[in-house]
Amino acid sequence: MSKKEEPETAYTEQNNEDNVRTVQGNETSENCDNTTETEEFTAEVADNDVDVEVETEEKDPLEAAQEENAKLRDQLLRTIAEFENYKKRTLKEKTELILNGGEKAITAILPILDDFERALTDTHSDDTEAIREGMELIFKKFLKTLEGLGVKKIDTDGKDFDVDFHEAVAMVPGIEDEKKGKVIDCIQTGYMLNDKVIRHAKVAVGT
């Protein structure tokens, strides 16, 4: 039995050796192919790098500077033109404001002027009390209109004299101590426009 098995064993070992050589040969061939592809890829990348460097070197610095200069000059001219247009528009608006700034106030006062006209055409009435009441209504309406425009009276009753709001036109001596330095009488009403004094109240002050 042992003598017959020896040839089969030798044949099997021979086949195994042949298979090992075939596998090793295939691996060597694949390694060679991979090496070749790697070398080709490296060469291609190197060529691309050379092209990029060549393109970079071909960019003229003077030409680039001239292009940048032209771009900045265009931006400057546009900015100057916009600023000139802004100045012209602002000047026009200021001129219109000066010429027509009182339009709102005049429009608000016109109805009161109409009331005065109607009161004057009714002067044939002998009822003086009715005429007085009518004038008081017009006066109150006028004050209310002024308040709507931001105008208000300066309060002087019993107030301490204040040069920011009052103008002393008379001094009243011999006044009680508690009234010294205070407004005794208002000779002309003062007015403020939006918290700004546009006319000081003329007053008499106790001394």
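Residues numbered from 1 in each chain as written. Predicted model: local features only at pLDDT ≥ 70, side-chain atom pairs only at ≥ 80, totals over all residues. Heavy atoms only, no water.

Some remarks on a negative patch on the surface
On the surface, a cluster of negative charge is contributed by D60, E63, E67 and E68. One can find E68 in helix α2 (residues 61-100). According to the relative accessible area criterion, E68 is partly exposed, its value standing at 42%. (Patch = residues over 30% accessible without salt bridge, like charges linked within 9 Å, V, L, I, M, F, W, Y side chains within 5 Å. Areas by Shrake-Rupley, 256 points an atom, 1.4 Å probe, with all protein chains shown as cover. Salt bridge = Lys/Arg side-chain N within 4 Å of Asp/Glu carboxyl O. Lys, Arg positive; Asp, Glu negative; His and termini not counted. Charge placed at Lys NZ, Arg CZ, Asp CG, Glu CD. Helix = DSSP H or I, 4+ residues; strand = E, 2+ residues; numbered from the N terminus. Buried < 20%, exposed > 50% of the residue type's maximum accessible area, 1.4 Å probe, protein only.)

Overview of the sheet that holds strand β3 (residues 183-188)
Pairing is mixed across the open sheet formed by three strands, whose spatial order is β2-β6-β3. Among the strands making up the open sheet, the edge pair consists of β2 (166-172) and β3. Sheet twist, expressed as the mean angle between neighbouring strand axes with direction ignored, is 30°. The sheet contact formed by β2 and strand β6 (residues 201-206) spans six bridges and is parallel. Paired with A170 across the bridge in β6 is A204. (Pairing = 2+ DSSP bridges. Axes fitted to C-alpha atoms, helices over the stretch in contact; angles between N-to-C directions.)

Some thoughts on the packing of helix α3 (residues 103-121) against helix α4 (residues 128-148)
Close contact between α3 and α4 brings their axes to 10 Å; oriented N to C, the two are set at 170°. Taken together, the axes of α3 and α4 are roughly antiparallel relative to one another. Across the interface between the two elements, A108, I109, P111, I112, D115, F116 and A119 from α3 touch M135, I138, K141, F142 and T145 from α4. When its residues are assigned to classes, the contact of α3 with α4 shows nine nonpolar, one polar and two charged. (Parallel < 35°, antiparallel > 145°, perpendicular 65-115°, else oblique. Contact = heavy atoms within 4.5 Å. Nonpolar A, V, L, I, M, F, W, Y, C, P; charged D, E, K, R; others polar.)

Details of the side chain of T156
Structurally, the position occupied by T156 is in the loop between β1 (151-153) and β2. Those residues in contact with T156, other than ones at most four positions away along the chain, are H166, V183, C186, A201 and V203.

Focus: the confidence of the model for the protein chain
Mean pLDDT for the protein chain: 77, with 70% of residues reaching 70 or above. Confidence drops under a pLDDT of 50 for residues 1-13, and excluding neighbours within four residues, the segment shows zero contacts in the predicted structure. pLDDT under 50 marks residues 49-55. Its contacts with residues more than four places away, or in other chains, come to zero contacts. (pLDDT = per-residue confidence, 0-100.)

Some remarks on α3
If you check α3, its first and last C-alpha atoms are 27 Å apart, about what 19 residues at 1.5 Å a residue would give, namely 27 Å. Of all bends in α3, the biggest is about 30°, found at L110, and the proline P111 comes one to four residues later. (Expected span 1.5 Å × (residues − 1). Bend = angle between axes of the 7 residues up to and from the residue.)

A look at the sheet that holds strand β5 (residues 196-199)
Within the open sheet, the three strands sit side by side as β1-β4-β5. Their pairing is antiparallel. Either end of the sheet is taken by a strand with one partner, and the two such strands are β1 and β5. Recorded for the sheet is a direction-independent mean angle of 35° between the axes of neighbouring strands. By the bridge criterion, three bridges tie strand β4 (residues 191-193) to β5 in an arrangement that is antiparallel. The residue of β5 that forms the bridge with M192 is V197.

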